[in-house]
Amino acid sequence: MVCEGKGHFLESRPANKFSKKKYGDEYSYAILREEWEKQMYINRLKLVFPTISHKEAAISYKQEFLDNGEMKIYGGGGLNREASYELWLEKIKADLKRDSEGFVPVTTYFAFVGDELVGTIQIRHQLNDYLYQRGGHIGYSVAPSKRQKGYATEMLRLALKKCQALGMKKVLITCDKDNMASAATIFTNHGVLENEVPDDQGRIIQRYWIEIKRGEL
Ligand SMILES: CC(C)(COP(=O)(O)OP(=O)(O)OC[C@H]1O[C@@H](n2cnc3c(N)ncnc32)[C@H](O)[C@@H]1OP(=O)(O)O)[C@@H](O)C(=O)NCCC(=O)NCCS
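Residues numbered from 1 in each chain as written. Predicted model: local features only at pLDDT ≥ 70, side-chain atom pairs only at ≥ 80, totals over all residues.

**Q** Explain the site of the ligand residue by residue, including any values.
**A** Around the ligand lies a shell of 20 residues, among which R147, A152, T153, A181 and A184 are the nearest. Looking at the shell around the ligand, the elements with two or more residues in it are β4 (138–142), α6 (151–165) and α7 (180–188). Among the elements that make up the shell around the ligand, the one with the highest residue count is α7 (six residues). The class makeup of the residues in the shell around the ligand is nine nonpolar, nine polar and two charged. (Near = placed C-beta within 6 Å. Helix = DSSP H or I, 4+ residues; strand = E, 2+ residues; numbered from the N terminus. Nonpolar A, V, L, I, M, F, W, Y, C, P; charged D, E, K, R; others polar.)

Structure (structure tokens):
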């Protein structure tokens, strides 16, 4: 762990936000320490293109969703559907250039914190009619045991940087109206709600746009 002792913990923070004067008691200290540790993990999060070396981590990740009763892995590029990891790797490599039969090019990333696979996120490089209405440019999920640690928020921030590198100026992200965690993830990344539309099953889908401005990510 990065913060060993109390002195180090307090001294290593910006004085204005974390001054001893303001947070002097043990309770505040414990909360600050927890926040600091959480931030340390978030700072270590990286998006990487999947390779064969991630096979074991990917199989455990997929199993965790199944064990949690989640049959779909959002932003996983069909990880839950392919018969083998090797076939899935081939598919996501082909996805990078796929541009026919209603498919657009897509990049799928794993989100790692150290050697732990915590999430998947996918960037669709363009929108077709379906994606414009419902799917959006970006899909993501975080492993059930790793949720509420700030990882999705950071994954989306890093994905927006990748979008910027692809030359994208505006990104559409959609989520179910009742998916508060996803809506908060988008909102924190400066998503602006355009409208709400019903899907085929009558659920309400929210459509958010994020403008990618130089220097803001
Ligand atoms: C949506 C999801 C990716 C969020 O991942 P996460 O790592 O837990 O998100 P974060 O920790 O970054 O939290 C993001 C925000 O959501 C809030 N949040 C997280 N879980 C929440 C919950 N169960 N209920 C309400 N708010 C929640 C957090 O407090 C945070 O809000 P804040 O920035 O205002 O503090 C995750 O719940 C998930 O994988 N869900 C299943 C797949 C899915 O729904 N994908 C999105 C499809 S649109």
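The structure having been displayed, the exposition proceeds.
**Q** Which residues make up the sheet that holds β4, and what values do they have?
**A** Hydrogen bonds along the backbone pair up the strands of a sheet, which may run parallel or antiparallel. Spatially, four strands are ordered β1-β2-β3-β4 in an open sheet, and the strand pairing comes out antiparallel. Where the open sheet ends on each side, the last strands, each with one partner, are β1 (45–48) and β4. Neighbouring strand axes in the sheet, compared pairwise and without regard to direction, differ in orientation by 20° on average. Relative to strand β3 (residues 116–124), strand β2 (residues 106–113) runs antiparallel, the two being bridged by eight bridges. When the bridges of β3 are listed, V113 appears paired with E116. (Pairing = 2+ DSSP bridges. Axes fitted to C-alpha atoms, helices over the stretch in contact; angles between N-to-C directions.)

**Q** Explain the sheet that holds strand β6 (residues 192–198) residue by residue, including any values.
**A** On the basis of which strands lie adjacent, the open sheet formed by three strands has the order β5-β7-β6 and antiparallel pairing. Looking at the sheet topology across the chains shown, the edges are occupied by β5 (170–176) and β6. Across the sheet, the mean angle separating the axes of adjacent strands is 25° when strand polarity is ignored. Summarising the sheet, β6 and strand β7 (residues 204–211) pair through six bridges and their orientation is antiparallel. From the neighbouring strand, V192 faces β7, where its bridge partner is W209. Together, β5 and β7 form the strand contacts of α7, whose direction differs from that of β5 by roughly 160°. (Contact = placed C-beta atoms within 7 Å.)

**Q** Any details on the nonpolar core? Residues and values, ideally.
**A** Soluble globular proteins: nonpolar side chains tend toward being buried together. Counting 29 residues, the largest nonpolar core has A111, I121, I138, M155, A159 and I173 as its most contacted members. At the level of secondary structure, the elements contributing two or more residues to this core comprise β1, β2, β3, β4, α6, β5 and β7. Among the elements that take part in this core, α6 stands out by supplying seven residues, more than any other. Those residues in contact with A111 that lie beyond four places of it in its chain are L45, L47, V118, G119, T120, I121, Y151 and M155. Judged by nonpolar contacts, the second largest core, of six residues, contains L79, W88, L89 and I92. (Core = buried A, V, L, I, M, F, W, Y, C linked by C-beta atoms within 7 Å. Buried ≥ 20, exposed ≤ 12 C-beta atoms within 10 Å, placed from the backbone.)

Purely geometric numbers; function is a separate question.
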